[in-house]
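Close look at the chain arrangement
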Amino acid sequence: MSKLRVGLLFGGRSGEHEVSIISARAIAQALSLEENANKYAVLPFYIQKDGVWQAGEVAQQVLTSGVPQEPLSTTPNLWQFPPETEEVDLWFPVLHGPNGEDGTIQGLLTLMQVPFVGSGVLGSATGMDKIAMKMAFAQAGLSQVKYKAVTRAEVWSNPCVFPKLCDDIEATLGYPCFVKPANLGSSVGIAKVRSRQELETALDNAATYDRRIIVEAGVVAREVECAVLGNDHPKASVIGEITFNSDFYDYETKYTPGKADLFIPANLPDVVAQQIQEMALQAFAAVDAAGLSRVDFFYVEATGEIFINEINTLPGFTSTSMYPQLWANSGITFVQLVDQLIQLAIERHSPVS
Ligand SMILES: Nc1ncnc2c1ncn2[C@@H]1O[C@H](COP(=O)(O)OP(=O)(O)OP(=O)(O)O)[C@@H](O)[C@H]1O
Ligand SMILES: C[C@@H](N)C(=O)O
Ligand SMILES: [Mg+2]
Ligand SMILES: [Mg+2]
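Position labels on residues start from 1 in each chain and follow its written sequence. All chains are assigned letters beginning at A, and all ligands numbers beginning at 1, according to the order in which they are written. Under the rules for a predicted model, residues below a pLDDT of 70 receive no local features and side-chain atom pairs below 80 are neither given nor counted, while totals for whole chains, interfaces and linings still include all residues. Excluded from the side-chain calculations are hydrogens and water; all other atoms, namely the structure's heavy atoms, are used.

Quick look at the pairing of strand β1 (residues 4-11) now. A large share of β1 lies buried, amounting to six of its eight residues. Strand direction decides the pairing type here: β1 and strand β2 (residues 40-47), joined by eight bridges, are parallel. Within β2, the position partnered with V6 by the bridge is V42. At least two bridges found by DSSP between two strands are what make those strands a pair. Counting from the N terminus, the helices are DSSP H or I runs at least four residues long and the strands are E runs at least two residues long. As paired strands, β1 and strand β4 (residues 90-93) are joined by four bridges and run parallel to one another. Bridged to L8 within β4 is F92. Buried means the residue's accessible area, taken with a 1.4 Å probe over protein chains only, is under 20% of the maximum for its type, while exposed means over 50%, and partly exposed covers the values in between.

So this is what it looks like as structure tokens:
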């Protein structure tokens, strides 16, 4: 039986480029182990930081070394896809953040009419944009912290508008609050602010990343996460908890070994764990996710409140990442997990009989 040729897409024009390479390396390895080795042949496709696609040796070299390839200074030809593109039977996008997790690549792959792992255009776009995502969650009745949506135009407006915006944020959300570019991940561009001056700086900085910005009331809570796997009848994993000593779960804490600890399963009353699992499944449906997602929550132990924070439709996928570890603790190994994701992609893209 011939092997299914899996196009592994990684890198990407996003602030999470480096994380994507590490996630893709772990997935490539899992696709070459045990029964997967007989079923799948991996074709690596590396998207440089300037958006140019590389296949073959260049892509393999980035995957093996984990080091991004610097784009050439010549004007890139963005619409020249490598010839290997035509050999792909199924795409496995392992791209985090804008231009990868946000529906853009999913639109391209849909037009190619080749099945792909994960959410489609709607689920990816709604899951990526924290403002759209929160509106979908509110509609589904999921509890979340108070927030305000802000645009770059308001932040970089005339000097009369900006102070009013900051006054409004102070009055409605108070300090500390969190300023986030709406479309990003790995905490890139996020700031925890405690004063007017920090608020102004954080809004200005977030506006350099995105036209859309969200400001959220800060909550003091335990951080817990749940993995979801499936299409129309998804399953929720056990719950995991993250602990750390830094001010919040920022980029450095996420990706520096030893700075954060993961506890799986989290030490939670059964009823709380079940409620989080139900909320994770509701969130998955609310944004129309497919295949996989990791849903992040805040659990306020003193009051019993559970706030949904966000959904990640292409969560970090290194061998030590929360998503595969949650499934490993729920009885699905990393090797089985990538196989199941491919089978779910085939199921989702099969013509309705
Ligand atoms: N409203 C809030 N109250 C308290 N802490 C918060 C709040 N929002 C964010 N944080 C802190 O910032 C971290 C990153 O926030 P968030 O998960 O929204 O960002 P992200 O960039 O999408 O992250 P990910 O890597 O999970 O995709 C959280 O894990 C938490 O530590
Ligand atoms: C990759 C990062 N956005 C995560 O959700 O793990
Ligand atoms: Mg996120
Ligand atoms: Mg998060």
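Once you've had a look at it, read on.
UniProt positions are given in the numbering used here, feature names are shortened, and annotations may be inferred rather than shown by experiment. Here the UniProt feature "active site" (unreviewed entry) sits at E16, S186 and S321. In sequence the annotated residues extend across 306 residues, while in space they remain close, none of their C-alpha pairs exceeding 14.5 Å. Summarising the element assignment, S186 is placed in the loop between β6 (177-181) and β7 (191-193). A residue is classified by how much of its surface remains accessible, and S186, at 8% relative accessible area, is buried. When checking whether two residues touch, look at their non-hydrogen atoms; a contact exists if any pair is within 4.5 Å. Excluding its chain neighbours within four sequence positions, the residues that come into contact with S186 are E16, V19, Y251, K254 and Y255. Identification of polar contacts relies on pairs of N or O atoms within 3.5 Å, with a donor-acceptor requirement for protein atoms, meaning one able to donate a hydrogen and the other able to accept it, and with residues adjacent in sequence counted only if both atoms are side-chain atoms. Separated by 2.4 Å, the side chains of S186 and E16 make a polar contact. Within the secondary structure layout, S321 lies in the loop between β13 (305-312) and α12 (322-328). Looking at S321, its side chain comes within polar contact range of the main-chain nitrogen of F317, at 3.4 Å.

Within the open sheet, the five strands sit side by side as β11-β10-β9-β12-β13. Their pairing is antiparallel. Edge positions in the open sheet fall to β11 (260-263) and β13, since each of these has one partner strand only. Across the sheet, the mean angle from the axis of one strand to that of its neighbour is 30°, orientation sign disregarded. Summarising the sheet, strand β12 (residues 291-300) and β13 pair through seven bridges and their orientation is antiparallel. Counterpart to V300 in the pairing with β13 is E305. Across the sheet, helix α13 (residues 334-349) touches β9 (222-230) and β12, and the angle it forms with β9 is around 55°. An axis is simply a line fitted to the C-alpha atoms; with a helix, the fit covers only the stretch in contact. Between two such axes, the angle follows the N-to-C directions and lies from 0 to 180 degrees.

Attention shifts here to helix α5 (residues 121-128). Within α5 the residues assigned to the buried category are G123, S124, T126, G127 and M128. On the buried face of α5, the contacting elements are α4 (104-112), α6 (130-139) and β13.

Here a donor is any nitrogen, oxygen or sulfur atom (N, O, S) within 2.8 Å of the metal, with 3.2 Å used for Na, K and Ca; water is not among the atoms considered, so some sites may look incomplete. The magnesium ion (ligand 4) binds to the protein through D296 (OD) and E310 (OE); the donor distances cover 2.0 to 2.3 Å. Between the magnesium ion (ligand 4) and the magnesium ion (ligand 3), both coordinated by E310, there is a metal-metal distance of 4.0 Å. Of the two residues, D296 is situated in strand β12 and E310 in strand β13; the sequence distance between them amounts to 14 residues. Its relative accessible area of 6% is what places D296 among the buried residues. For E310, a relative accessible area of 10% puts it in the buried group.

Let's shift gears to the site of ligand 2. Whether a residue is near a molecule or strand depends on its heavy atoms: if one lies within 4 Å, it is near. Close contacts around ligand 2 come from E16, H96, G185, S186, Y255, R294, N312, P315 and G316, and that covers them all. Side-chain polar atom of E16 to a nitrogen atom of ligand 2: 2.8 Å apart, as the coordinates give it. Between N312 and ligand 2, the recorded distance is 3.3 Å, taken from a side-chain N or O atom to an oxygen atom. Contact with the protein chains covers 92% of the free accessible surface of ligand 2, which is 220 Å². In terms of residue class, the shell around ligand 2 is built from two nonpolar, five polar and two charged. The method behind every accessible area is Shrake-Rupley, applied with a 1.4 Å probe, and residues are considered shielded solely by the protein chains displayed. In this classification, Asp, Glu, Lys and Arg are treated as charged, Ala, Val, Leu, Ile, Met, Phe, Trp, Tyr, Cys and Pro as nonpolar, and every other residue, Gly included, as polar.

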